[in-house]
Amino acid sequence: MTGAPARRRGRPPRTESADTRDRILAAAREEFSERGYEKTSVRGIAKAAGVDSALVHHYFGTKEQVFAAAIEVAFAPALNAPDALADGPLEGVGERLARFVFGVWENPTTRTPLLAIVRSAVNNETAAAVFRRLIASQLLRRIAAQLDLPDAELRAELAAAQLVGCAMLRYVIKVEPLASADLEQIIARVAPVVQGHLTGA
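Calculation criteria
- Residues numbered from 1 in each chain as written.
- Predicted model: local features only at pLDDT ≥ 70, side-chain atom pairs only at ≥ 80, totals over all residues.
- Heavy atoms only, no water.
- Helix = DSSP H or I, 4+ residues; strand = E, 2+ residues; numbered from the N terminus.
- Buried < 20%, exposed > 50% of the residue type's maximum accessible area, 1.4 Å probe, protein only.
- Areas by Shrake-Rupley, 256 points an atom, 1.4 Å probe, with all protein chains shown as cover.
- Polar contact = N/O pair within 3.5 Å; in protein donor to acceptor, adjacent residues only side chain to side chain.
- Contact = heavy atoms within 4.5 Å.
- 1 Å grid on protein atoms, 1.4 Å probe; cavity = no way out; pocket = protein on both sides within 12 Å on 5 of 7 lines; lining within 4 Å.
- Points joined across faces, edges and corners; volume = space filled by probe spheres on them.
- Nonpolar A, V, L, I, M, F, W, Y, C, P; charged D, E, K, R; others polar.
- Salt bridge = Lys/Arg side-chain N within 4 Å of Asp/Glu carboxyl O.
- Core = buried A, V, L, I, M, F, W, Y, C linked by side-chain atoms within 4.5 Å.
- Patch = residues over 30% accessible without salt bridge, like charges linked within 9 Å, V, L, I, M, F, W, Y side chains within 5 Å.

Before going further, it helps to spend a moment on the overall build of the chain. Scanning the chain from terminus to terminus reveals ten helices and zero strands. Counting from the amino terminus, helix and strand elements in the chain follow one another as α-α-α-α-α-α-α-α-α-α. Within the span of the chain, comprising 201 residues, buried residues form 40% of the whole. With an accessible surface of roughly 11200 Å², the chain has 53% of that area assigned to carbon and sulfur atoms.

On to unusual backbone geometry, then. Most of the time, phi is negative for any residue but glycine, and the peptide bond is trans. Residue Pro177 follows Glu176 across a cis peptide bond; omega there is 10 degrees. On the secondary structure map, Pro177 appears in the loop between helix H9 (152-172) and helix H10 (183-199). Unlike most non-glycine residues, Asp151 shows phi in positive territory, near 55 degrees. Tracing the sequence through the fold places Asp151 in the loop between helix H8 (125-147) and H9. A positive phi is found at Lys174, a non-glycine position, where the angle reads about 60 degrees. By the element assignment, Lys174 lies in the loop between H9 and H10. Its relative accessible area of 56% is what places Lys174 among the exposed residues.

Turning our attention to the side chain of Gln195. Tracing the backbone shows Gln195 in helix H10. One polar contact links the side chain of Gln195 to the main-chain carbonyl oxygen of Glu91, over a distance of 3.4 Å. Aside from chain neighbours lying at most four places away, what touches Gln195 is Leu90, Glu91, Gly92, Val93, Gly94, Glu95 and Gly200.

This part is about the layout of surface pockets. Once rolled over the atoms, a probe with the size of a water molecule shows which space is left empty. A volume near 470 Å³ is recorded for the largest pocket. For the largest pocket, the lining is made up of 24 residues, of which Phe75, Ile135, Leu139, Ala160 and Val164 are closest to its centre. Contributing elements (two or more residues each) for the lining of the largest pocket: helix H6 (93-106), helix H7 (108-123), H8 and H9. Of the residues forming the lining of the largest pocket, the biggest block, eight residues, is contributed by H9. A class-by-class count of the residues in the lining of the largest pocket yields 23 nonpolar, no polar and one charged. In this model, the second largest pocket occupies a volume close to 170 Å³. If you go around the second largest pocket, you meet 14 residues; those closest to its centre are Arg29, Glu30, Ser33, Pro113 and Ala116. Only helix H1 (14-39), helix H4 (63-74) and H7 provide two or more residues apiece to the lining of the second largest pocket. Considered class by class, the residues forming the lining of the second largest pocket number ten nonpolar, two polar and two charged.

Counting across every chain of the model gives four salt bridges. The shortest N-O distance in the salt bridge between Glu95 and Arg99 comes to 3.0 Å. On the criterion of helical spacing, the pair formed by Glu95 and Arg99 is a turn pair, its members being four residues apart in helix H6. Residue Glu95 is classed as partly exposed on the basis of its relative accessible area, which comes to 40%. Residue class for Arg99 comes out partly exposed when judged on its relative accessible area of 34%. Linked by salt bridges that have partners in common, Glu95, Arg99 and Glu184 make up one network.

The next thing to look at is the nonpolar core. Ranked by internal contacts, the top residues of the largest apolar core, which has 58 residues, are Ile24, Phe32, Phe75, Phe102, Trp105, Leu163 and Leu198. It is H8 that contributes the most residues to this core, eleven residues altogether. Excluding its chain neighbours within four sequence positions, the residues that come into contact with Phe102 are Leu163, Cys166, Tyr171, Leu183, Ile186, Ile187 and Val190.

Glancing now at a nonpolar patch on the surface. Taken together, the side chains of Leu169, Ile173 and Val175 define a hydrophobic patch exposed on the protein surface, amounting to about 230 Å² of accessible area. With respect to the helices and strands, Val175 occurs in the loop between H9 and H10. According to the relative accessible area criterion, Val175 is partly exposed, its value standing at 34%.

Here it is, written out as structure tokens:
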């Protein structure tokens, strides 16, 4: 008699640990994307991953910790934004950062998990707190460190607010004409504002 394999209980052998952890993360991203933070449960993630819920707790802890691990992986492409600042002269940093951020959103592969993250963060304070910590520690502070200017953290936050606000209107809320405007036109208008936040007087 055949059927779906039974979920494994307890800890897997060491050789299977990485695969199991990756499978749980993939299931978590899918669950959070489809159901949002509030309606996702550790039990549901475990079921989707084909493991016992004890394994989810073993690898990640609470639901909040699972969410943090899942969005860090999904958000990883955006965390390369500080490199865009360093790759060229300071006077072109606004355009480079804008082009990089919109490039992440334009790519369907990276846009889908970002949409899930943003929607969860908007609708749930716990998810929002996790998202804020990730943004602050791994993105904004790194951007600020690249600037070496007064009020660097505030500059980085203002630039991020400009770009995130545009991304929300274009990709999440889909306000016209921004949602269907030519990307180059958007970058041409937004980049000088971002530049001003980052390096202006």
